[in-house]
Number of protein chains: 4
Amino acid sequence: MDDTPRGKVLSAAGHLFREHGYERTTVRDIAAAVGIQSGSLFHHFASKEDILKAVMIDVIRFNTARMRNALAEAHDPQAKLRALITCELESIVGDTREAMAVLVHCWDSLSEDRQAEVLALRKIYEELWLDALREAAKLNLITVDPFILRRLIAGMISWSNTWFDPRGSMSFAELIDTILQLVTRSAR
Amino acid sequence: MDDTPRGKVLSAAGHLFREHGYERTTVRDIAAAVGIQSGSLFHHFASKEDILKAVMIDVIRFNTARMRNALAEAHDPQAKLRALITCELESIVGDTREAMAVLVHCWDSLSEDRQAEVLALRKIYEELWLDALREAAKLNLITVDPFILRRLIAGMISWSNTWFDPRGSMSFAELIDTILQLVTRSAR
Amino acid sequence: MDDTPRGKVLSAAGHLFREHGYERTTVRDIAAAVGIQSGSLFHHFASKEDILKAVMIDVIRFNTARMRNALAEAHDPQAKLRALITCELESIVGDTREAMAVLVHCWDSLSEDRQAEVLALRKIYEELWLDALREAAKLNLITVDPFILRRLIAGMISWSNTWFDPRGSMSFAELIDTILQLVTRSAR
Amino acid sequence: MDDTPRGKVLSAAGHLFREHGYERTTVRDIAAAVGIQSGSLFHHFASKEDILKAVMIDVIRFNTARMRNALAEAHDPQAKLRALITCELESIVGDTREAMAVLVHCWDSLSEDRQAEVLALRKIYEELWLDALREAAKLNLITVDPFILRRLIAGMISWSNTWFDPRGSMSFAELIDTILQLVTRSAR
DNA sequence: TATGAATGAGCGTTCATTCAT
DNA sequence: AATGAATGAACGCTCATTCAT
C-alpha cells in the first residue's frame, strides 16, 4: 500500500499484531519483517505502542474516507444503509481486514491517552452511521432505536471476521443482503 | 461463587484477564488478588495457561448446563429461541460476564492443544443452538441459514458486553425482545 | 539392601543422584521413588544435603569393611594388592556402583563441613591402601612412590565406571589382571 | 586469552563451572564476573547451556590442535606416546585445566543434542590416541589392548587434576615419565 | 510419622528501549 | 537514518523447606 519505511512498518505490524496479538509480537519481529534492526524502528516511531496507535488511526481514516465516498453516491436511506453495511463488511473481511482485527483485538493494549486519540476519530466514523440510521428511523425503515441497532449491527459485522470466508457457501453480496434484511424487514 | 483456593484463583484470574488481558496479567497479580504467594499458584495449576484454560472450561460448562435447564422448560421452537438468547445474553452481560469476555478475548493466548480441549466443550454448546435453529427453520420461524444466523446472533450478543448496561435506557428484557424480533420477524 | 524407610530413601537417592546429578534431582523425585510425600522426607533427614552425605558415608563404610575382610584373607603383599584392586573395582563397577559414582560426581555439592565428615572416613579407607603399597614398595614389588601410585590407580579404577562393561570383550578378572600387571611389572 | 566479550564470558564461565558446578553457577554470577548485566549475556549466547557447550568445544579444539602439533614433531612411536601423555597432562593440570575439568564434570548437564555435537569433536581427538597406541602395539611397545589401555591412561591423567601440584614433591616431567613407564614397561 | 498447602528466594530468559558509533 | 551491544526490570516457574493438621 505504502512504500515508505513508515508504511512498511505499519503493514508488517498490522499483520503480526493480528496474527499473534500485540504483546506476543516483539519489536524485533516487526523489524525483521521489514528488514531492519529493532533499534532502527525507533527512528520512525517513539514506542511500540505508537506503532499500534498508528495502525489503528490509519485504518480508521482510510475507512471513514471510503464510507464518505460511498455515502455520497447513495441517494436514499435504503441505499445509504446498504452502503454503510457494504463498506464496514468490506473493511472487516476485505483489504483492511488485518488492521481492523487489530483495532478490535488490541484495544486494551493501548494506554488510555492513546485510546482517547483513536476514539476521537472513531466518533466521526460512528456519526456517519448514526446519521443514516436516524434518517431511516424517521421513515420507519427500521424500528429499533438507532443507537441500539448500530451496536447490534456492529456486533454482527465485526464478528464476521471470525467465520466469513468469501470462498465459502455464502458470497459477500449474500451476506450484505442477509444483514440488510434482518435489519430492515423487522420494520414491516 | 467457589470458596476453594482453586475457585478463588479462577475468579481473580477471570477478573484480571478481562481487565488487562492475559499477557499483561502476571501470575504475581493473580496471586496477590487471592492473597497468596505467586509460587503457591502452582500447587493448584501447572501453568499460567492452565489457569486460562480452566477459566474458559468452567464458564462453558456452567453456561451449557444453564442452557440445557432453560431448554428443558421451553416447549415450542419460539420459546426455545428465546431461552437460548436469554441464556447467552445472561452469560455475556450477567454473572459470568468476565469469564465470557476472557473466552473471546484471550482465545489466541491459548496453545493449540488447549484450544482443542476447550473447543470440544464449545461444540456441545453450539449443537444446542444449531438444533433449535434447525427446528425453527423447518417451521419457517427463521429464513436465514441456521449456521449463518447462529454466527450473526453470536456477533450481536457477544458484542453487547462492550456497550449494554442494564441500568441504561434499555432493559435486559427489551434487549432480548429486540434481538428475537430481528431474528424471527425477518421470516414473515 | 535395607528395608527401612531410611534405607529405601538412600537407595532411591543414590540411583537418582547418579542418573541426573544432585542438583537436578528434586526431593520430590526422591520421595516419589520411595512412595511418600516430599514433606515426609524431612522426618528422616534434616536436609537434602544430609541425604547426599548419608549416601556417601554408607558406601564408604560398607566398602571399607569389605576391604578389611578381603585383606584379612590375603597373606602376602602381592595378594593384598590384588585384594585391594579387586575390592575397589567391585565397588566401582559392581553392587555399590551408583553410590560410588555419586561419591565422585557429587562431591562439590556437599558443603565444606559435610565434606570434612566424609573425608574423615575416606582417610581410614585410604590408609588401608597406603599400608599395603608401602609394604609392596619395601619388597620392590612396586617402584613408583606409594602415594603417587595410589592416585594413578585410583584414577584408572574410578574412571572404569565410565566404560567398563562386564558383558563386554574384557572380563572383570581380566581387568584386575591388567591393572595389576601395569602396577607391578613396572617394578621388574 | 581472548579479549572479545565472547572470550571473556567463556573464561569466566569455565572458572565458575569448575569451582561450583554448572547448576550452582547462575547466569548472574557469570555476568557479574565479566562486568555486564545478566540479560546482556544473551546477546552472545542463546542459553546458559550453550555457554557450557562453547566452553567444551573450545577446549577440545584447542587441545586437539596442540596435540597434532606435538605429534608432528615426534618421529617414533615411543616419542609419540610421550607427546600424547605430555599434551593431555598439560591440558589437565596446565593452562586449560579449568575447561577440561568442566568437560568431565559437567558432562551430564548438557542435553543429548549438545552432547552429540561435543562428542563428534572428542572423537577426532581420541582417534589421535588410538592411532598411536595401535602403532605402539604392533611394535610390542605395549601389550594391553589399545582401546583398554587408552581408558586406563585417561583415568590416570584425568584424575591427576584432583591431586597433582607442580610445586609438590613430584615434577611435571617426573609424572610424565612415571605414567610412560607404567604403560610401556609392562610390555617387557 | 505422614501429609500437602504454602512459602519466598531465586532461577533462566525476554524484551522495549537507549545510545555511541 | 541505521546499527547492534547493552541495559535492567520484569516475567513464568522451580524447589528445598516449614508447619498446622
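For every chain, the first residue of the written sequence is number 1, and numbering continues from 1 along that sequence. All chains are assigned letters beginning with A, and all ligands numbers beginning with 1, in the order in which they are written. Only residues with pLDDT of at least 70 are given local features in this predicted model, and only at 80 or more are side-chain atom pairs given and counted; all residues enter the totals for whole chains, interfaces and linings. Working from all heavy atoms in the structure, the side-chain values ignore hydrogens and water.

(A) Quick look at the overall build of chain A. Think of it this way: any DSSP run of H or I at least four residues long counts as a helix, any run of E at least two long counts as a strand, and we number them from the N terminus. Looking only at helices and strands, chain A has nine helices and zero strands in total. Its helices and strands in sequence order give chain A the pattern α-α-α-α-α-α-α-α-α, from N to C terminus. Based on the C-alpha atoms only, the size of chain A along its principal axes is roughly 60 × 35 × 30 Å. Only protein chains enter the area calculation, which uses a 1.4 Å probe; residues under 20% of their type maximum are buried, those over 50% are exposed, and those in between are partly exposed. Considering chain A as a whole, with its 188 residues, one finds that 50% of them fall into the buried category. For chain A, long-range pairs separated by at least 24 residues make up 69% of all intrachain contacts whose partners lie at least 6 apart in sequence. Split by element, the accessible area of chain A, about 9,000 Å² in all, is 52% carbon and sulfur. Neither His nor the chain ends contribute to the count of charged residues, in which Lys and Arg are positive and Asp and Glu negative. Charge positions come from single atoms, namely NZ of Lys, CZ of Arg, CG of Asp or CD of Glu. Here chain A contributes 23 positive and 26 negative side-chain charges, whose respective centroids are spaced 1 Å apart. In this analysis, two residues are considered to be in contact whenever any of their non-hydrogen atoms come within 4.5 Å of each other. Only the protein chains shown count as cover for residues, with accessible areas throughout obtained via the Shrake-Rupley method and a probe of 1.4 Å.

(B) Quick look at the relation of the copies chain D and chain C. Mapping chain D onto chain C calls for a screw motion: a turn of 179 degrees about the axis and a shift of 0.0 Å along it, with 0.1 Å RMSD after fitting. Taken together, the turn and the small shift mark the pair as related by a two-fold rotation axis. Using C-alpha coordinates, one finds that chain D approaches the rotation axis most closely at Gly155(D), a distance of 2.2 Å. Of the residues that chain D buries at the interface, 96% are likewise interface residues in chain C, meaning the two copies contact each other through the same surface. A least-squares superposition brings the copies together, and it is based on the C-alpha atoms of residues with pLDDT no lower than 70 in both.

(C) Structural context of the protein's contact with DNA strand E. As a matter of local geometry, DNA strand E sits amid 31 residues, with His43(B), His44(B), Ser40(C), Thr26(D) and Lys48(D) nearest to it. Here a residue is considered near a molecule or strand provided that any single heavy atom belonging to it is located within 4 Å of it. The contact atoms of DNA strand E, taken as those within 4 Å of the protein, divide so that sugar and phosphate hold 53%. Mapped onto the surface near DNA strand E, the elements with two or more residues apiece are helix H2 (27-34) of chain A, helix H3 (38-41) of chain C together with helix H2 (27-34) of chain D. The residue inventory of the surface near DNA strand E, partitioned by class, reads six nonpolar, 19 polar and six charged. Under the grouping applied here, Gly and all other residues not named as nonpolar or charged are polar, the nonpolar ones being Ala, Val, Leu, Ile, Met, Phe, Trp, Tyr, Cys and Pro and the charged ones Asp, Glu, Lys and Arg.

(D) Inspection of the pattern of salt bridges at higher detail. The salt bridge definition used is simple: a Lys or Arg side-chain nitrogen within 4 Å of an Asp or Glu carboxyl oxygen. Summed over the entire model, instances satisfying the criterion amount to 56 salt bridges over all chains. Where Glu23(B) meets Arg24(A), a salt bridge forms, and the shortest distance between an N and an O atom there is 2.6 Å. Highlighted residues: Glu23(B) in the loop between helix H1 (5-20) and helix H2 (27-34) and Arg24(A) in the loop between helix H1 (5-20) and H2, drawn from two different chains. Its relative accessible area of 36% is what places Arg24(A) among the partly exposed residues. A network of salt bridges, in which partner residues are shared, links Glu88(A), Arg122(A), Glu126(A) and Arg150(A).

(E) Just the environment of Ala132(B), in detail. Position of Ala132(B) relative to the elements: it lies in helix H6 (residues 112-138). Residues Ala132(B) and Glu23(B), spaced 109 residues apart in sequence, show a C-alpha to C-alpha distance of 37 Å.

(F) Layout of helix H9 (residues 172-185) of chain A. By this rule the span expected of a helix is its residue count minus one, scaled by 1.5 Å. Over its 14 residues, H9(A) runs 20 Å from end to end, which matches the ideal 20 Å to within 8%, given 1.5 Å per residue. When we look at burial in H9(A), the residues that qualify are Leu175(A), Ile176(A), Thr178(A), Ile179(A), Leu180(A), Leu182(A), Val183(A) and Thr184(A). Of the surrounding secondary structure, the elements contacted by the buried residues of H9(A) are helix H5 (77-93) and helix H8 (146-159) of chain A together with helix H7 (146-159) and helix H8 (172-185) of chain B.

(G) Main features of the nonpolar core. What we call a nonpolar core is a set of buried Ala, Val, Leu, Ile, Met, Phe, Trp, Tyr and Cys residues that are connected through their side-chain atoms within 4.5 Å. Formed by 122 residues in total, the largest nonpolar core has its most connected members in Phe17(C), Ile51(C), Ile179(C), Phe17(D), Ile51(D) and Ile179(D). Non-local contacts of Ile51(C), meaning those with residues more than four positions away in its chain, are made with Val9(C), Leu10(C), Ala13(C), Phe17(C), Ile30(C), Leu41(C) and Phe45(C). The next biggest cluster of nonpolar side chains, apart from the first, holds 120 residues, and it includes Val9(A), Leu41(A), Leu103(A) and Leu182(B).

(H) Inspection of the interface of chain B and chain A at higher detail. Every contact between the two is made by 29 residues of chain B and, on the other side, 28 residues of chain A. Buried area is calculated as the accessible area (1.4 Å probe) missing from two parts once they are joined, with the contributions of both summed. Roughly 2,800 Å² of surface becomes buried between chain B and chain A when both sides are summed, with 67% attributable to carbon and sulfur atoms. Broken down residue by residue, the surface that chain B buries against chain A is led by Leu152(B), Trp159(B) and Leu182(B), which jointly contribute 22%. Seen at the junction of chain B and chain A, the total is two salt bridges. N or O atoms within 3.5 Å of each other form a polar contact, as long as, within protein, one can give a hydrogen and the other can take it, and as long as residues adjacent in sequence are counted only when both atoms are side-chain atoms. Counting the contacts that link chain B with chain A gives three residue pairs in polar contact (both at pLDDT 80 or more).

(I) Quick look at the packing of aromatic side chains. Any two rings among Phe, Tyr and Trp, with Trp reduced to its six-membered ring, count as a pair given centres within 6.5 Å; such a pair is stacked if its planes are under 30 degrees apart, edge-to-face if over 60, and tilted if neither. Under the counting rule described, the total for this entry stands at twelve aromatic pairs over all chains. Here the aromatic rings of Phe164(A) and Phe172(A) are separated by 6.5 Å at their centres, their planes lie at 50 degrees, and the arrangement is tilted. Taking the relative accessible area as the measure of exposure, Phe172(A) reaches 24% and is therefore partly exposed. Grouping aromatic residues by their ring pairs yields a cluster made of Trp163(A), Phe164(A) and Phe172(A). The ring of Phe147(A) has Arg151(A) lying over it, and the distance from NZ or CZ to the ring centre is 3.8 Å. The ring of Tyr22(B) has Lys48(B) lying over it, and the distance from NZ or CZ to the ring centre is 4.2 Å. For a ring to carry a charge above it, either NZ of a lysine or CZ of an arginine must fall within 6 Å of the ring centroid while also lying within 35 degrees of the normal to the ring plane.

(J) Highlighting the state of the cysteines. Cysteine sulfur atoms that come within 2.5 Å of each other are treated as a disulfide pair. Summed over the entire model, instances satisfying the criterion amount to zero disulfides over all chains. With no disulfide of its own, Cys106(C) lies closest to Cys106(D) among cysteine sulfurs, the gap being 12 Å.

(K) Representation of the protein's contact with DNA strand F within the structure. In the region of DNA strand F, 31 residues are neighbours, and His43(A), Thr26(B), Lys48(B), His43(D) and His44(D) sit closest. Atoms of DNA strand F within 4 Å of the protein: sugar and phosphate make up 55%, bases the balance. In this structure, a phosphate oxygen belonging to DNA strand F sits 3.0 Å away from a main-chain N or O atom of Gln37(D). Among the residues making up the surface near DNA strand F, the classes are represented as six nonpolar, 19 polar and six charged.

(L) Expanded view of the packing of H1(A) against H2(A). Residues and elements named next belong to chain A. To obtain an axis, a line is fitted to C-alpha atoms, over the contacting stretch when the element is a helix, and the angle between two such axes runs from 0 to 180 degrees between their N-to-C directions. Running from amino to carboxyl end, H1 crosses H2 at an angle of 125 degrees, the nearest separation of the two axes being 9 Å. The orientation of H1 relative to H2 falls into the category oblique. Of the two elements, H1 crosses H2, and the hand of that crossing is right-handed. Mapping the contact onto sequence places Lys-8, Val-9, Ala-12, Ala-13, Leu-16 and Phe-17 in H1 and Asp-29, Ile-30, Ala-33 and Val-34 in H2. A class-by-class count of the residues in the contact of H1 with H2 yields eight nonpolar, no polar and two charged. With respect to orientation, any angle under 35 degrees is reported as roughly parallel, any angle over 145 as roughly antiparallel, any angle of 65 to 115 as roughly perpendicular, and every other angle as oblique. Note on convention: the crossing is left-handed when the near helix lies turned anticlockwise from the far helix by less than a right angle, right-handed when the turn is clockwise.

(M) Quick look at the interface of chain D and chain C. Taken together, the 28 residues of chain D in the interface contact 28 residues of chain C. Both faces combined, the contact of chain D with chain C buries some 2,800 Å², and carbon together with sulfur accounts for 68% of it. Counting the contacts that link chain D with chain C gives two salt bridges. Here chain D and chain C share two residue pairs in polar contact (both at pLDDT 80 or more) between them. In the side of chain D that touches chain C, the residues fall into 14 nonpolar, six polar and eight charged.

(N) Focus on the side chain of Ser91(C). Structurally, Ser91(C) is set in helix H5 (residues 77-93). A residue is classified by how much of its surface remains accessible, and Ser91(C), at 1% relative accessible area, is buried.

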